[in-house]
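Examination of the molecular architecture
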Amino acid sequence: MPFFTKPDCTLLGPGLYPVASATVPCTILRSPTREQVIPPRANLLKAVTIFLFTALFSTSCRKEDAPDTLFQIYFTADVNGRLEPCGCFTGQYGGLTRIDTWLKYNDPEATSLRLDVGDALKGTTDYDVIHYEHLAAAFQRLNYSALNAGSREASLSASDLQTLVAKTGAPLISANLIDSISGEPVLPAYRIIDSQNRKIAVIGLIDPKSVANTIGKNLEAVAMETTLSNLLPGIESEHKPDLTILLAFTTEETMRSLAKQFYELDVILGGDVPQPSQELVTENESLILFTTNQARAVGDLKVTVTDSGTTDPEFDIHLMEEGIPQSPEILAISKEYRELIRNTELAIDTPGSASDDSVIPGSDFGHEYTGSQSCAACHPTAYAAWQKSRHAHAFTTLVKGRTDADPNCIGCHSVGFGETSGYRREYGETRLTNVGCESCHGPGSEHIKQRALGDPSKVTFQFRPLGASDCTKCHHGEFSRPFKWEEFWPLIRHGKEP
Ligand code: HEC
Ligand code: HEC
Ligand code: HEC
Ligand code: HEC
């Protein structure tokens, strides 16, 4: 039963999920993780208490012979806006919804350190930014201590990035993203986390190469080596961390090279990589691990911190499989986003702000969408075939899930969304809904105009022939069961009138 890979603690609260194995030793950490840096104002009282508490401890039992401390680190990268998977077909992995359930099960007291290496944001549109506000809320619910800026976060403008942080309180960090005009850092470079009477420094870094062509307005990424050379001595002398973790949004090769140059880095978590770690890499003094895959995989590192360094590392990558229930709390956050977006005016609502990378194939600028209904009279059998297919109900599917106002969903479930004459959110359920004739064949106004003359010699416009690649614009990746023309086309076959 692959529901939970390697449960590492059997001491679960009541009502939790069945334990796969009762013999795995418990690795629950002894005292909860506490964050000291930049406490949100609402938490001031808590912060003061924590401060007193840690101050007490750090004088009484830190330093000299502090006991060896086992740290459990969970980390993600490339969450890519995946608060919850779209539900387009069964077998979908991941989502913060599943990560929440998984963490509650494996670490019910939330004592582990939870970190994100970057690219949690999906894109740079206005609705992506609104969506990120909800992602940030979810990360906070999941007790994440630090979120590094990846290439997508760094594609926002300096001021948008700062507004986002101010608005959400998200613990975003980056040591090398600076305002290209003022030269000032745009985010905190690192966070110091007090956990189990140890100090952990978590530093954020992004590879300038990862944002070479996409970096946001007024942002600049300083060379990583320069940044670390300047930063590390200060962190060492000011905080004397017991564990230094670098969140590095970069390639495996560069992580190794950073490890070679900076012995201070105990752990390097990445990154900008094609797939999650297959093994735990040790380079110089550093343990290197990475993950990716849109919140489908959670990286897991257990490491013991002693007074002279780290020992006994163990690593795993856990797949957030379909069988893991989605957490109601995170689903509720996702729902909040969808209700908010319903009542928010977006750039995509305005004609002319059409995006070039629309998923709708075959669209021909200058020709307008008219709706499937307008094809019915001349193509009755094709129309009847279409009506029987699920394409004719694709928008109803969204309405049922109240996702019909989410621009992330509308594109493949309507006609011409994002194009000047295509579906617009203000139409609601009235026009150009569902995957219509023109979703595949393209806008039909010119065709109808010419065909209505009833004189084939006057016809200068022909729809282009279609094939499998016109289907896979929508039927790809997690949005569809694996697409095979031989299996799919027969289910929607239609053609010339007999
Ligand atoms: C504009 C996006 C889009 C395009 C292009 C598209 N589809 Fe679909 N297709 C969908 C959506 C969305 C659904 C699911 C509708 C629902 O159930 O709500 C779907 C469902 C289907 C189904 C039903 C699956 C089942 O289990 O019965 C078939 C078959 C299908 N499509 C075939 C095709 C073929 C063949 C093409 C290309 C000729 C194609 N589609 C092009 C969006 C698209
Ligand atoms: C890239 C195109 C694309 C996008 C974007 C997309 N869908 Fe889909 N959706 C599809 C296709 C294609 C299918 C049919 C899959 C199949 O039958 O294998 C589908 C099917 C579905 C179904 C299943 C219908 C059923 O009865 O089985 C649901 C629910 C759904 N989509 C919801 C959403 C939501 C919610 C979003 C936004 C978060 C979304 N879709 C975004 C292409 C897309
Ligand atoms: C999911 C995509 C899709 C949808 C939706 C769709 N078609 Fe088609 N249609 C095709 C494909 C693929 C073909 C066969 C390949 C070709 O002829 O380009 C085709 C063929 C045709 C043909 C025959 C073309 C020829 O030259 O033989 C007509 C007519 C037609 N469609 C009309 C319609 C009408 C009318 C609707 C809506 C009621 C519709 N189609 C909906 C994909 C689609
Ligand atoms: C006034 C009648 C009429 C209307 C309305 C009409 N068509 Fe046609 N269409 C024809 C005729 C006639 C042909 C040529 C004979 C044939 O292929 O069946 C044709 C051919 C086609 C073809 C084959 C390729 C081509 O360009 O000749 C496709 C695809 C097609 N129509 C799709 C559509 C779609 C989609 C709509 C709605 C947007 C539509 N038609 C509306 C009359 C019409």
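Above this text sits the structure in question.
Residues numbered from 1 in each chain as written. Chains lettered and ligands numbered in written order. Predicted model: local features only at pLDDT ≥ 70, side-chain atom pairs only at ≥ 80, totals over all residues. Heavy atoms only, no water.

What to know about the site of ligand 3
Stated precisely, the cut-off is as follows: Whether a residue is near a molecule or strand depends on its heavy atoms: it is near if one of them lies within 4 Å of it. Distance and chemistry together define a polar contact, namely a pair of N or O atoms within 3.5 Å, with one atom able to donate a hydrogen and the other to accept it when in protein, and with adjacent residues in sequence counting only for side-chain atoms on both sides. Here a strand is any run of E in DSSP of at least two residues, a helix any run of H or I of at least four, and the numbering for each starts at the N terminus. Each residue is assigned to one of three groups, with Ala, Val, Leu, Ile, Met, Phe, Trp, Tyr, Cys and Pro labelled nonpolar, Asp, Glu, Lys and Arg labelled charged, and all others, Gly among them, labelled polar.
Taken together, 18 residues sit near ligand 3, with C437, C440, H441, L466 and H494 positioned nearest. In this structure, a nitrogen atom belonging to ligand 3 sits 2.8 Å away from a side-chain N or O atom of H441. Here a nitrogen atom of ligand 3 and a side-chain polar atom of H494 are 2.7 Å apart. Taken together, the elements giving at least two residues each to the shell around ligand 3 come down to α8 (380-388), α11 (437-441) and α14 (485-492). A class-by-class count of the residues in the shell around ligand 3 yields eleven nonpolar, six polar and one charged.

Structural notes on the site of ligand 4
Surrounding ligand 4, one finds 16 residues, the nearest of these being C375, C378, H379, H447 and F463. Residue Q462 places a side-chain N or O atom 3.5 Å away from an oxygen atom belonging to ligand 4. In this structure, F463 approaches ligand 4 through a main-chain N or O atom, which is 2.8 Å from an oxygen atom. Counting residues per element, the ones that place at least two in the shell around ligand 4 are α11 and α12 (445-451). Residues belonging to the shell around ligand 4 are distributed by class as follows: six nonpolar, seven polar and three charged.

Some words on the coordination of the iron atom of ligand 1
Ideal geometry at a metal gives 109.5 degrees between four tetrahedral donors and either 90 or 180 degrees between six octahedral ones. To keep it simple, the criterion reads: Nitrogen, oxygen and sulfur within 2.8 Å of a metal are treated as its donors, or within 3.2 Å for sodium, potassium and calcium (Na, K, Ca); water is not counted, so a site can appear incomplete. Any coordination sphere not matching a tetrahedral pattern (four donors, all angles between 85 and 135 degrees) or a square planar or octahedral pattern (four or six donors, opposite donors over 155 degrees apart, other angles between 65 and 115) is reported as irregular. Whether a residue is buried, partly exposed or exposed follows from its accessible area with a 1.4 Å probe, protein chains only, as a fraction of its type maximum: under 20%, in between, or over 50%, in that order.
Looking at the iron atom of ligand 1, the protein donor atoms are H391 (NE2) and H475 (NE2), and they sit 2.0 Å from it. The coordination sphere of the iron atom of ligand 1 comprises six donor atoms, whose angles at the metal cover 84 to 180°; the geometry is octahedral. Highlighted residues: H391 in the loop between α8 and α9 (394-400) and H475 in the loop between α13 (468-471) and α14, separated in sequence by 84 residues. Taking the relative accessible area as the measure of exposure, H475 reaches 24% and is therefore partly exposed.

Points about the nonpolar core
Let me state the cut-off plainly: As used here, the term nonpolar core means buried Ala, Val, Leu, Ile, Met, Phe, Trp, Tyr and Cys residues forming a set that is joined through side-chain atoms within 4.5 Å. We call two residues in contact whenever any of their non-hydrogen atoms come within 4.5 Å of each other.
Ranked by internal contacts, the top residues of the largest apolar core, which has 41 residues, are L96, I99, Y132, L161, L172 and L177. Contributing elements (two or more residues each) for this core: α2 (96-106), α3 (126-141), α4 (158-168), β9 (219-221) and α7 (328-342). Per-element tally for this core: the top contributor is α3, with six residues. Not counting residues within four places of it along the chain, the set of residues in contact with I99 comprises T76, L142, A295, V298 and M320. One finds I203, M224, L231 and L265 within the second-largest nonpolar core, a separate group that totals 24 residues.

Describing the coordination of the iron atom of ligand 3
Taken together, the protein ligands of the iron atom of ligand 3 are H441 (NE2) and H494 (NE2), with distances of 1.9 to 2.0 Å. Note that the iron atom of ligand 3 binds six donor atoms; their angles at the metal cover 88 to 179°, and the shape is octahedral. Taken together, the residues span a long stretch of sequence, with H441 in helix α11 and H494 in the segment after α14 at a distance of 53 residues. We classify H494 as partly exposed; its relative accessible area is 33%.

Brief notes about helix α5 (residues 224-239)
Let me state the cut-off plainly: Each helix should span, by expectation, one fewer than its residue count multiplied by 1.5 Å. We define the bend at each residue as the angle formed by axes fitted to the 7 residues ending at it and the 7 residues starting at it.
Here α5 is 16 residues long and its end C-alpha atoms lie 21 Å apart, about the 22 Å a rise of 1.5 Å per residue gives. Most pronounced at L231, the bend in α5 amounts to some 30°, and the proline P233 follows within four residues. For α5, the set of buried residues is M224, T227, L228, L231, L232, I235 and H239. Buried positions along α5 lie against β7 (190-195), β8 (198-206), β10 (243-249) and α6 (252-261). K240 sits one or two positions beyond α5 and adopts a positive phi of about 45°.

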